[in-house]
Amino acid sequence: MDTIRVTHYEVSGMHEVAPWRWEQNALINYVLTDRQVVRQLMDHQVWASDDEGKTWYRANPPPKFR
């Protein structure tokens, strides 16, 4: 991921789907620096906590930046 630079990150639609489990969408703008190509993707994220919100982890895989 050394060739990716995120230029904008905007969260929308955050909502609780179960106790200590949240979903959100993130609009991500990024540049592939080795090719100087600008791209955008919508990333659906699922976040969960096993310790009542002290620690959060992403429960689904991150997007592929292509």
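The preceding data block contains the structure.
Along each chain, residues carry numbers from 1 onward, in the same order as the chain's sequence is written. Local features in this predicted model are restricted to residues of pLDDT 70 or higher, and side-chain atom pairs are both shown and tallied only at a pLDDT of 80 or more, whereas totals for entire chains, interfaces and linings draw on every residue. As a rule here, side-chain values cover all heavy atoms of the structure and leave hydrogens and water aside.

As for the overall build of the protein chain
Under the scheme used here, helices are H or I runs from DSSP no shorter than 4 residues and strands are E runs no shorter than 2 residues, and both carry numbers assigned from the N terminus. A tally of helices and strands in the protein chain yields 0 helices and 4 strands. The order of α-helices and β-strands along the protein chain, N terminus first, is β-β-β-β. In terms of overall dimensions, the protein chain has a C-alpha envelope of 40 × 20 × 15 Å along the principal axes. Exposure is judged per residue with a 1.4 Å probe applied to protein chains only, and the accessible area is read against the type maximum: over 50% gives exposed, under 20% gives buried, and values in between give partly exposed. Counting only residues that meet the buried cut, the protein chain has 23% of its 66 residues in that class. Residues count as neighbours in contact if any of their non-hydrogen atoms are within 4.5 Å of one another. Long-range pairs, those at least 24 residues apart, make up 32% of the contacts in the protein chain between residues at least 6 apart in sequence. In these tables, accessible area is a Shrake-Rupley quantity obtained with a 1.4 Å probe, and a residue counts as shielded only by the protein chains included in the view. Element-wise, carbon and sulfur atoms account for 52% of the exposed surface of the protein chain, whose accessible area totals about 4,900 Å². Averaging the locations of the 8 positively and 9 negatively charged side chains of the protein chain gives two centres separated by 10 Å. We treat Lys and Arg as the positive residues and Asp and Glu as the negative residues; His and chain ends play no part in the count. Charge placement uses NZ in Lys and CZ in Arg. For Asp and Glu, CG and CD serve respectively.

Digging into unusual backbone geometry
In this model, Trp-20 sits at a positive phi of 60°, which is unusual for a non-glycine residue. Structurally, Trp-20 is set in the loop between strand 1 (4-18) and strand 2 (21-32). Relative accessible area serves as the criterion here: at 38%, Trp-20 is assigned to the partly exposed category. Even without being glycine, Gln-36 reaches a positive phi, approximately 55°. Checked against the element boundaries, Gln-36 lands in the loop between strand 2 and strand 3 (37-48).

Side note on the pairing of strand 3
One ladder, built from 12 bridges, connects strand 2 with strand 3; its direction is antiparallel. Pairing of Tyr-30 across the sheet is with Arg-39, part of strand 3. Hairpin connection from strand 2 to strand 3: 4 residues lie between these consecutive antiparallel strands, with Gln-36 at a positive phi of about 55°. Two strands are counted as paired when DSSP detects at least two bridges linking them. Pairing between strand 3 and strand 4 (residues 57-58): 2 bridges, direction antiparallel. Residue pairing for strand 4: Ala-48 is matched across the bridge by Tyr-57.

So, the packing of aromatic side chains
The aromatic pairing rule takes the rings of Phe, Tyr and Trp, using the six-membered ring of Trp, and pairs them if the centres are within 6.5 Å, calling planes under 30 degrees apart stacked, those over 60 edge-to-face and the rest tilted. A complete count under the given rule lists 2 aromatic pairs for this structure. Residues Tyr-30 and Phe-65 carry aromatic rings whose centres are separated by 4.8 Å and whose planes lie at 85° to one another, so their mutual orientation is edge-to-face. With Tyr-30 in strand 2 and Phe-65 in the segment after strand 4, this pair connects stretches of sequence that are 35 residues apart. Among the residues examined, Tyr-30 registers a relative accessible area of 3% and is labelled buried.

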